[in-house]
Amino acid sequence: IANFSGISELGLFSAASKIPSILITFQGIFIQAWELSALTEYKKEDGAAFFTKIYNLYNFALVIGCSFLIMFIKPISSILLGPEFKEAWRLVPFLLIAVIFGGIIGFLNTINMSVKKTNALVIPVIIGASVGVAINLIFVPKYGAMVASVSVAISYFIIWFQRLINANKHMKLEVNYLRDALSYSIILILIN
């Protein structure tokens, strides 16, 4: 961002990144607790049903938290970021969407950990990061930090999608994709 759009755009992006850290803190707490449960619940007969239930509840909590922050992004930004970064609020919604997918990625990682297939975690990250870098190299020079914010969300979506496919090889999660797509669409509508 600094090379293509200048230090001020980098400052906006850095400031905008502070607000998603609210959800990231809760994610970290949840994932630490969940990892302990996941290893024991995976082996149980109803493990897939339990994982599905927690996946859906966790996804719901992330969507609600993200939606709440997006609805009140301007006042939250004015309190947390200060007047010199008042335009950073525009970047936050896409970073929050990335937090949702990042949280679910962390959840899905526990399935790979449970089956001791952690090497499958690397390739999706390489692919998602490569797409993000390509988007940034192509579009940041013209559109600035907003593209960087969107590319983070796209990268995490790509990683999530690959992790979900991989997790379903080991444990069939009953995910309601239509409901989730509607939830994510509502978040996109809230952005406007």
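Located above this text is the structure these notes cover.
Thresholds, definitions, all that
Residues numbered from 1 in each chain as written. Predicted model: local features only at pLDDT ≥ 70, side-chain atom pairs only at ≥ 80, totals over all residues. Heavy atoms only, no water. Core = buried A, V, L, I, M, F, W, Y, C linked by side-chain atoms within 4.5 Å. Buried < 20%, exposed > 50% of the residue type's maximum accessible area, 1.4 Å probe, protein only. Helix = DSSP H or I, 4+ residues; strand = E, 2+ residues; numbered from the N terminus. Contact = heavy atoms within 4.5 Å. Patch = residues over 30% accessible without salt bridge, like charges linked within 9 Å, V, L, I, M, F, W, Y side chains within 5 Å. Areas by Shrake-Rupley, 256 points an atom, 1.4 Å probe, with all protein chains shown as cover. Salt bridge = Lys/Arg side-chain N within 4 Å of Asp/Glu carboxyl O. Axes fitted to C-alpha atoms, helices over the stretch in contact; angles between N-to-C directions. Parallel < 35°, antiparallel > 145°, perpendicular 65-115°, else oblique. Left-handed = near helix turned anticlockwise from the far one by under 90°. Nonpolar A, V, L, I, M, F, W, Y, C, P; charged D, E, K, R; others polar. Phe/Tyr/Trp six-rings, centres within 6.5 Å; stacked < 30°, edge-to-face > 60°.

**So, the nonpolar core**
Then, in step 1: By size, the foremost hydrophobic cluster in this structure holds 55 residues, and its most contacted members are Phe-51, Tyr-55, Phe-107, Leu-108 and Leu-173.
Then, in step 2: Broken down by element, this core gets its largest block of residues, 14 residues, from helix 6 (residues 92–114).
Then, in step 3: The contacts of Leu-173, once residues within four sequence positions are left out, are Ala-48, Phe-51, Thr-52, Tyr-55, Leu-108, Ile-111, Leu-164 and Asn-168.

**Section: a nonpolar patch on the surface**
Then, in step 1: A cluster of nonpolar side chains, contributed by Ile-22, Phe-26, Ile-29, Ile-79 and Leu-80, occupies part of the molecular surface with about 520 Å² of accessible area.
Then, in step 2: Counting only elements with at least two residues in the nonpolar patch, the list comes to helix 3 (20–41) and helix 5 (73–80).
Then, in step 3: Here the nonpolar patch gets 3 residues from one element, more than from any other, and that element is helix 3.
Then, in step 4: Here Ile-29 lies in helix 3.

**Regarding the packing of helix 6 against helix 8 (residues 145–170)**
Then, in step 1: Where helix 6 meets helix 8, the axes come as close as 8 Å, and the angle between the chain directions of the two elements is 20°. With respect to each other, helix 6 and helix 8 are oriented roughly parallel. At the point where helix 6 passes helix 8, the crossing takes the left-handed sense.
Then, in step 2: Here the residues of the contact of helix 6 with helix 8 are counted per class, giving 19 nonpolar, 6 polar and 1 charged.

**As for the pattern of salt bridges**
Then, in step 1: The final tally for this structure, using the stated rule, is 2 salt bridges.
Then, in step 2: Residues Arg-90 and Glu-87 are paired through a salt bridge, measuring 3.4 Å at the closest nitrogen-oxygen approach.
Then, in step 3: Linking Asp-180 and Arg-179 is a salt bridge whose minimum nitrogen-to-oxygen distance equals 3.5 Å.
Then, in step 4: For Arg-179, a relative accessible area of 36% gives the class partly exposed.

**Side note on the packing of aromatic side chains**
Then, in step 1: Scanning the model with the defined rule gives 16 aromatic pairs in all.
Then, in step 2: Measuring from centroid to centroid gives 5.7 Å for Tyr-55 and Phe-107, while their planes differ by 65°, and the two rings are edge-to-face. Separated by 52 residues along the polypeptide, Tyr-55 in helix 4 (residues 47–71) and Phe-107 in helix 6 bring together distant segments of the chain. Considered together, Tyr-55 and Phe-107 belong to a single accessibility category, that of buried residues.
Then, in step 3: Counting every residue linked through ring pairs, the aromatic cluster contains Phe-30, Trp-34, Phe-50, Phe-51, Tyr-55, Tyr-58 and Phe-107.

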